[in-house]
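Letter by letter, the chains look like this.
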Amino acid sequence: MSSRVVFLALCFCVPSPAADIVIYGGTPAGISAGIVAAREGASVIIIEPTRWVGGLVTGGLCRTDVGKEQTIGGFAREFFTRAASAKPDTPMWYAEPSVNLATFKAMLKETGVSVITGQALKGVEKDGARITSLSTADGTAYRGMIFIDASYEGDLMAAAGVGYIVGRE
């Protein structure tokens, strides 16, 4: 058998990465969804097109809009409490972006969420209306049972042909 045939056979036998939940977008929403799902026992892969995770919260925003503090609970409160306590004298909701990044990374590691950075969405495979896999710029296909679009622009929904309206919130 030629080496070319063996190489081609190996390429077709390598399974694509799979998880219960595949999240496109390493934004705060994507990271939060991934961590909470992993805590409930789901396997999770987050794919972020840039080399940076955490979006605005880790990229420069250090004074979060809060509103009524008593209405904020669950994962959001846990995250902001951990971030504020990481550096002495940090007021709640005002941790530095680097501290927010370290907090997200620690929480992702604790829960075993797999994070892939620097891989833009190339396309999706569907079975009827259901997404079965998404592929990234490097050609890797990620299979999952559930897909979440946590990108700021709705890239996964657009690639899947989901109807949408452009506008704020």
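Here's what I pulled together on the structure shown here. Predicted, not measured: the structure shown is a model, and the values here were computed from it.

## Concerning the sheet that holds strand E4 (residues 121-127)
Taking strand neighbours across the sheet as the criterion, the six strands line up as E3-E2-E1-E6-E5-E4 in an open arrangement whose pairing is mixed. In this open sheet, the two edge strands, each paired with only one partner strand, are strand E3 (114-117) and E4. Strand-to-strand, the axes of this sheet are offset by a mean angle of 40°, without reference to chain direction. Strand direction decides the pairing type here: E4 and strand E5 (residues 130-136), joined by six bridges, are antiparallel. In the strand pairing of E5, Glu125 is matched with Ser133. Contacting strand E1 (18-24), strand E2 (44-48) and strand E6 (141-149), helix H2 (residues 28-39) runs over the sheet at an angle of about 170° to E2.

## Some points on the pattern of salt bridges
In a structure, side chains of opposite charge can pair up when their charged atoms sit close to one another. Under the defined criterion, the tally for this structure stands at three salt bridges. Its salt-bridge partner being Arg82, residue Glu110 comes within 2.7 Å of it at the nearest N-O pair. With Glu110 in helix H5 (residues 97-111) and Arg82 in helix H4 (residues 74-85), this residue pair connects regions lying 28 residues apart in the sequence. Assessed through its relative accessible area of 51%, Glu110 is described here as exposed. Notably, a salt bridge pairs Glu96 with Lys87, separated by 2.7 Å at the nearest N-O pair. On the accessibility criterion, Glu96 (36% relative accessible area) is partly exposed.

Analysis parameters
- Residues numbered from 1 in each chain as written.
- Predicted model: local features only at pLDDT ≥ 70, side-chain atom pairs only at ≥ 80, totals over all residues.
- Heavy atoms only, no water.
- Pairing = 2+ DSSP bridges.
- Helix = DSSP H or I, 4+ residues; strand = E, 2+ residues; numbered from the N terminus.
- Axes fitted to C-alpha atoms, helices over the stretch in contact; angles between N-to-C directions.
- Contact = heavy atoms within 4.5 Å.
- Salt bridge = Lys/Arg side-chain N within 4 Å of Asp/Glu carboxyl O.
- Buried < 20%, exposed > 50% of the residue type's maximum accessible area, 1.4 Å probe, protein only.

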